[in-house]
Amino acid sequence: MFAWDLLANAVVAGLLLGGVYAAVSLGVSIIFGLLDIANIAQPAFLILGAYAVYVVNTAFGVDPILAGLLFTPLFYLLGAAVYRVYYGSFERRGEESLRGLVFFFGLLFIIEVSLSMKFGVDYRLVQAGYLGKSLEIGGIGIAYRLLVPCLVGLAMTLTLYLFLGRTFYGRAIMAVSQDRLALRLMGANPVHIKTVAFGIGIAAASLAGALIITITPVIPSSDRDYIGRMFAITVLGGMGSIGGTLAAAMILGVVESLMSTFFGPSWAQAVSFGILLTALAVRPSGLFGR
Amino acid sequence: MRDAPLVLLAGLVVVGLGIGIASLRVNPYLYFAGYVILQYIVIATAWNILGGYAGYVNFGTPAFFAMGAYTAVFLIQTMRPPLPVLILAGGLVSALLGLAIGYLTLRLRGTFFSIATLALSIVLQTMIINWEFVGGSRGLSVIRPSGPPFGNYVTFLFTVMVLLAVVAVSAARFIERSWVGRGLAALRDNEEAAECMGVPTLRLKLFATTVSGFLLGVAGAPFPYYVTFVEPNSAFSLDYAVNALAMPMIGGTTSWIGPVIGAVLLGSAQQLATVTISSEMNLFIVGIVLVAFVVAAPEGILGLVRRLRGR
Amino acid sequence: MRQPWTRTIVDGALAAALTVVLLLGSALGALAADPIKIGFGMALTGGLSANGKPALLAIQIWKDDINKKGGLLGRPVELVFYDDQTNPATVPGIYTKLLEVDKVDLIISGYGTNLIAPLLPIAIERKLTLMGMFGLANNEKYQYPNYFQIQPAGPDPQVSTAIGFFELAAKQTPRPQTVAMVGADAEYPQNALVGARELVKKFGFKTVYDKTYPPSTVDYTPIVRAIKATNADIVFVASYPPDSVGMLRAAHEVGLQPKIFGGGMVGLMFTSVMTSMGAALNGVVNYDFWAPEPVFMAMPGIKEFLKEYQARAEKAGVDTLGYYLPPYSYALVQVLGQAVEATKGLDQQKLADYIRATEFNTIVGKVKFGKNGEWAKGRTLMVQYQKIQGSSVEQFRGPGKKVVLWPDEFKSGAIIYPYASALK
């Protein structure tokens, strides 16, 4: 007898996780997918966001996701600042690739170690009213702990999709990666546009961090668990495609969940990266890439 | 290769010095610390062949290093061959790994290669964790062979590492000055233009990843005998990834001397920090120095020296 | 101006006498102040620092206590330690520096199996006595006679975590039949699972689920659901702190209610976890080494130690109650110190022989070492979390919330069985 309910539950859990993974990868999708900047430090901002939320949640009892939302303007500014440094040091001189990568790697390291020095290596969790409760729909259990972050993640994805497609800044961001000269001719300053985009990317990361710490405890080196996932999803989904990011995130979430349930969790993560490597080898432009 | 005899002589002198220091049997701590610094000279030089010469950033240094170490572990558990065999085998396995990864991703842009190397470490670490024979997640204790030269096995490993460092640096220098090096530099500056000019970019890139992989594996092969206990977390440690990046960047990526300078400076500083201040601060400082160099002195110390000399 | 030669002689003699007295005095003074140095590496950063830092604090408290009483052999005790970063590769370098440059008189190990492993060959090579701090089966390969382990695992370290759990299960009526076991892909959980499999065979249970998961798993719901689907009576989990929390939370969400749940979940006993999980811990039967139950609180010196530890813990940024490892770390150096005093010296072989042959009185009770340096009789406890309400830390300070079920000599309460009854 095939365990249909187990399968159904695994798929649902995977989809919920996928919603969160999409939120996690949005920043990379914009920064790497659209701006073509390989920001390896993105996961560190994810965890930085998670810790910021932890501090506020522990001190004032503020709901973690609400706290995450409140922090987004701050992280936007941080992202803009980081981009300015990156631009001034590398892009302007045309030396992006090697040194830019190393710059971000160093940044990743600094953020991770600073968190470690300040907070130590104890696992940090947040408290919220809905954690520990779940919903039952037709034999499928849905934990609020996963549902709420997933819904927020989907909302983030939709917002960004609309932003990029419908607003001036959004379309400028999409244009800047395709044709800088044309953009200039249209009266928009590419550097300014890129600053905005980078800021949005980092703000997205910090909010996704709030989602992560709601789902699971976090330590400073948790960022390494997400580096691979973020880039795998962005590449698989197709660089610069928000819809592709969502689809790829869902696929990754479901694959991880199914592997966990039926074959044992041991290989779930490795399989995801196997998918990435295969995708790179076979169809590097991803599923929905341009 | 006009200066081959001179290089050979210089190499022999350095190895001779190493043996001399070893036979003096000075404070054993020197050999332990020295081994680590020499190991980093090999790692930094290996990384730079691909990163500095060709411009392809490898974030998966731990994967190659650990494969060298685990190949050695596997052989120790089965046949227990002598150390030179372990070193060659470790190097070959990592070379093959480099070739494979290169073949899969080098037809794409550099950033895809870098991302693939990130993923590589995780995949390999998962495989090793699930392989009970080499200890799996529990790790494996390895017993050093008895009756080593110089009386102490680590002193012997120190001299071996001196030899390996000389080999690595000579290889880097040789590549740098040959047509291979010029080809790599051309593709680093502008890959499309190089292609158009007839430079066999794919083959050169594959060559660089293979050689780089070989040297990283060679650095990792003596590791089990040095530490006597091999487990995945420390074999695949992020420290190797960061240092492999930081040392050439700080020393200077355009020449074979850069990684050596970086390895000696940064390696010594870290060894010192391990036995003086808290080592978290030590990592923090590496990060800061790395970013500072990359932003302000992108050509590393070599670049600074050149500027001072007014070139 | 020339002085009369008699005066010169007297001056000279006085000067000579003064010099001799001064020299002797300073030599004696130096001898008296000449400290006994104990050297070690400790996980102050990295994955195991959550246990390494409290261990260090406990050792420092011992040093202060012993120096207040005049030191060892009349000499003050000095600690020389470095951060091993939870990285075994640093161990050879650190201990070589300690022995060759800092010239320490005694060494002890760092915390954890992985950090003790590279140290054993060094100790063996130099014929040193080595006190081990919480490592599982480190000496099985080497069988070095001068190694002693403070973790109360006993002669069969691999089954030590699980034996109480399965024995308790076997005693219940009706007798549970099926077992689901799961653990992280890491050193300790894998060892615990090997032991668990042996015990399952021994007690004649039937295994219906036996899988592992990678430590970076984000969501444990699929795993817990798969276990629930097997309807196992016994669920044995071997996990590290983040997965322990994840598994427990997922179990509540999914509604996993076997007859007995827990086993080898590291981290549940950490103060920060106890206060954040609160009542979700109720009913879990888990391994432990120490509990604030009467039999442990009555041991000599423990109350003073805990008072001092808890006073310093907050500032040191470590576990605030210290109800897990710190008493054992203190006991480790207590044993060493007592051996030094008893053998009246620092001769490594004499120390080892003394430690092997003696039953010590420490703040964790009587300690006697047996085969391979493990405790002659294992003392891994099985506790059950009961009647926890809310998340205040005060309820955990005294007895009653973490009741000892096994072994019988330390039993302080009855098991609430099945697991579901404890959740009400």
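The rules behind these values
Residues numbered from 1 in each chain as written. Chains lettered and ligands numbered in written order. Predicted model: local features only at pLDDT ≥ 70, side-chain atom pairs only at ≥ 80, totals over all residues. Helix = DSSP H or I, 4+ residues; strand = E, 2+ residues; numbered from the N terminus. Rg over C-alpha atoms; globule rule 2.2 N^0.38 Å. Buried ≥ 20, exposed ≤ 12 C-beta atoms within 10 Å, placed from the backbone. Contact = placed C-beta atoms within 7 Å. Pairing = 2+ DSSP bridges. Axes fitted to C-alpha atoms, helices over the stretch in contact; angles between N-to-C directions. Nonpolar A, V, L, I, M, F, W, Y, C, P; charged D, E, K, R; others polar. pLDDT = per-residue confidence, 0-100. Core = buried A, V, L, I, M, F, W, Y, C linked by C-beta atoms within 7 Å. Domains from an automatic or database assignment. Expected span 1.5 Å × (residues − 1). Right-handed = clockwise from strand over helix to strand, strands pointing away. Parallel < 35°, antiparallel > 145°, perpendicular 65-115°, else oblique. Left-handed = near helix turned anticlockwise from the far one by under 90°.

## Focus: the overall build of chain B
Each helix and strand counted, chain B has 15 helices and 2 strands in total. Its C-alpha radius of gyration of 19 Å places chain B within 12% of the 19 Å reference for a compact globule of 311 residues. In terms of overall dimensions, chain B has C-alpha extents of about 55 × 45 × 45 Å along its principal axes. By residue count, 58% of the 311 residues in chain B fall in the buried class. Contacts spanning at least 24 positions in sequence make up 80% of the contacts within chain B whose residues lie at least 6 apart.

## With respect to the overall build of chain A
What chain A contains, in helices and strands, is 11 helices and 2 strands. Listed N to C, the secondary structure of chain A is α-α-α-α-β-β-α-α-α-α-α-α-α in terms of helices and strands. A buried classification covers 59% of the 290 residues belonging to chain A.

## Some points on the sheet that holds strand 6 (residues 178-184) of chain C
Residues and elements named next belong to chain C. Here 7 strands make up an open sheet; going across it, the order is 7-6-8-9-10-13-14 and the pairing mixed. With one partner strand each, in any of the chains shown, strand 7 (206-213) and strand 14 (402-406) form the two edges of the open sheet. Taken pair by pair, the neighbouring strands of this sheet meet at an average axis angle of 25°, ignoring direction. As judged from the 2 bridges shared by strand 9 (residues 260-265) and strand 10 (residues 285-288), these two strands associate in the parallel manner. Paired with glycine 263 across the strands is asparagine 286, a residue of strand 10. Along the sheet, helix 7 (residues 187-203) contacts strand 6, strand 7, strand 8 (234-239) and strand 9; its crossing angle with strand 6, the most-contacted strand, is approximately 165°. Where helix 8 (residues 221-230) meets the sheet, it contacts strand 6, strand 7 and strand 8, and its direction lies at approximately 175° from that of strand 7.

## Notes on the interface of chain A and chain B
When the parts of a complex come together, some accessible area is lost, and that lost area is often used as the size of the interface. Tallying the contact residues gives 34 residues for chain A and 31 residues for chain B. Secondary structure elements with two or more residues in the side of chain A that touches chain B: helix 4 (96-119), helix 9 (223-237) and helix 11 (268-282) of chain A. Element by element, the count of residues in the side of chain A that touches chain B is highest for helix 4 of chain A, at 15 residues.

## Observations regarding the sheet that holds strand 4 (residues 130-133) of chain C
Pairing between the strands of a sheet comes from backbone hydrogen bonds, and it takes one of two forms, parallel or antiparallel. Residues and elements named next belong to chain C. Ordered in space as 2-1-3-4-5, the 5 strands form an open sheet in which the pairing is parallel. Looking at the sheet topology across the chains shown, the edges are occupied by strand 2 (77-83) and strand 5 (147-149). Strand after strand, the sheet turns through a mean of 20° between neighbouring axes, direction not considered. Where strand 1 (residues 36-42) meets strand 2, 7 bridges bridge the pair, whose relative direction is parallel. Within the sheet, the bridge partner assigned to glycine 41 lies in strand 2 and is tyrosine 82. Of the strands in this sheet, strand 1, strand 2 and strand 3 (106-111) touch helix 3 (residues 91-101), which is tilted by about 170° from strand 1.

## Notes on the interface of chain C and chain A
Each partner contributes to the interface: chain C provides 32 residues, whereas chain A provides 30 residues. Elements with a minimum of two residues in the side of chain C that touches chain A: helix 2 (49-68), strand 7, helix 8, helix 9 (241-254) and helix 10 (271-277) of chain C. By residue number, the principal contributor to the side of chain C that touches chain A is helix 9 of chain C, which donates 8 residues. Tallied by class, residues from the side of chain C that touches chain A come to 13 nonpolar, 13 polar and 6 charged.

## Some details on the confidence of the model for chain A
When pLDDT is averaged across chain A, the result is 83; 87% of the residues are at 70 or more. Per-residue pLDDT, averaged within each element of chain A, yields its smallest value for helix 7 (residues 180-185) of chain A (67) and its largest for helix 2 (residues 42-60) of chain A (92).

## Observations concerning the nonpolar core
Core analysis: the biggest nonpolar cluster contains 361 residues, and Val42(B), Ile43(B) and Ala119(B) have the highest contact counts within it. In terms of residues, this core owes the most to one element, helix 2 (residues 28-51) of chain B, which gives 16 residues. When residues of this core are assigned to domains, at least three map to each of domain 2 (33-154 + 298-373) and domain 3 (157-292 + 381-422) of chain C. Not counting chain neighbours up to four residues away, the residues in contact with Val42(B) comprise Leu164(B), Ala165(B), Ala168(B), Leu215(B), Val218(B) and Ala219(B).

## A short note on helix 2 of chain C
With 20 residues, helix 2 of chain C should cover 28 Å at 1.5 Å per step; its first-to-last C-alpha distance of 28 Å lies within 8% of that length. Backbone geometry just after helix 2 of chain C places Gly70(C) at a positive phi near 105°.

## As for the pairing of strand 7 of chain C
Residues and elements named next belong to chain C. Sheet analysis places strand 6 next to strand 7, joined by 7 bridges and oriented parallel. Bridge pairing in strand 7 links alanine 184 to tyrosine 213. Traced from strand 6 through helix 7 to strand 7, the parallel crossover comes out right-handed.

## Considerations on the environment of Arg84(A)
All names here are of chain A. If you trace the backbone, arginine 84 turns up in helix 3 (residues 64-91). A residue is classified by how many C-beta atoms lie within 10 Å of it, and arginine 84, with 14 of them, is partly exposed. In the structure, arginine 84 is positioned 32 residues away from serine 116 in sequence and 26 Å away in space, judged by C-alpha atoms.

## Some words on the packing of helix 12 (residues 238-251) of chain B against helix 13 (residues 257-274) of chain B
Residue and element names in this part refer to chain B. Two elements in contact, helix 12 and helix 13, have axes whose closest approach is 7 Å; the angle formed by their N-to-C orientations is 115°. With respect to their mutual orientation, helix 12 and helix 13 come out roughly perpendicular. Crossing handedness for the pair helix 12 and helix 13: right-handed. Across the interface between the two elements, Asn243, Ala246, Met247, Pro248, Ile250 and Gly251 from helix 12 touch Gly258, Pro259, Val260, Ile261, Gly262, Ala263, Leu265 and Leu266 from helix 13. Looking at the contact of helix 12 with helix 13, its residues break down into 10 nonpolar, 4 polar and no charged.

## Some details on the packing of helix 3 (residues 61-78) of chain B against helix 4 (residues 83-105) of chain B
For any two helices packed against each other, one specifies the inter-axial angle together with the distance between the axes. All names here are of chain B. Across the interface, helix 3 lies against helix 4 with an axial gap of 8 Å and an inter-helix angle of 135°. Classified by the interaxial angle, the pair formed by helix 3 and helix 4 is oblique. The two elements helix 3 and helix 4 cross, and the hand of that crossing is right-handed. Each of Phe64, Met67, Gly68, Thr71, Ala72 and Leu75 in helix 3 lies in contact with helix 4, whose residues at this interface are Leu86, Ala89, Gly90, Gly91, Val93, Ser94, Leu97 and Gly98. Of the residues that constitute the contact of helix 3 with helix 4, the class distribution is 8 nonpolar, 6 polar and no charged.

## Focus: the environment of Leu56(C)
Residue and element names in this part refer to chain C. Secondary-structure assignment places leucine 56 in helix 2. Its 24 C-beta neighbours within 10 Å are what place leucine 56 among the buried residues. Between the C-alpha atoms of leucine 56 and leucine 44, which are 12 residues apart in sequence, the distance is 8.4 Å. In this view, leucine 56 contacts Met42, Leu44 and Phe81; residues no more than four positions away in its chain are not counted.

## Comments concerning helix 1 (residues 4-24) of chain B
Over its 21 residues, helix 1 of chain B extends 30 Å from the first C-alpha to the last, a length consistent with the 30 Å expected when each residue adds 1.5 Å. Remark: Arg25(B) follows helix 1 of chain B within two positions and exhibits a positive phi of approximately 50°.

## A short note on the environment of Ile140(A)
Residue and element names in this part refer to chain A. Among the structural elements, isoleucine 140 can be located in strand 2 (residues 140-143). The exposure class of isoleucine 140 is partly exposed, given the 16 C-beta atoms found within 10 Å. Along the primary structure isoleucine 140 and isoleucine 40 are separated by 100 residues, whereas in three dimensions their C-alpha atoms are 37 Å apart. With residues near it in sequence (within four places) discarded, isoleucine 140 still touches Ala8, Asn9 and Val12.

## Some points on unusual backbone geometry
Residues and elements named next belong to chain C. The step from threonine 173 to proline 174 runs through a cis peptide bond, and the omega angle for that step is -5°. Its place among the elements puts proline 174 in the loop between helix 6 (157-171) and strand 6. Here the bond from tryptophan 406 into proline 407 is cis, since omega is -5°, no more than 30 degrees from zero. For proline 407, the position within the fold is in the loop between strand 14 and helix 15 (419-422). In this structure, phenylalanine 134 takes a positive phi of about 65° despite not being glycine. Note that phenylalanine 134 resides in the loop between strand 4 and strand 5. For phenylalanine 134, a count of 27 C-beta atoms within 10 Å translates into the label buried.

## A few points about the confidence of the model for chain B
All names here are of chain B. Looking at chain B, pLDDT values average 86 and 97% of them are 70 or higher. Across chain B, the secondary-structure element scoring lowest on mean pLDDT is helix 14 (residues 279-296), at 77, and the one scoring highest is helix 3, at 95. For this predicted complex, the interface confidence score (ipTM) comes to 0.79, while the overall pTM stands at 0.82.

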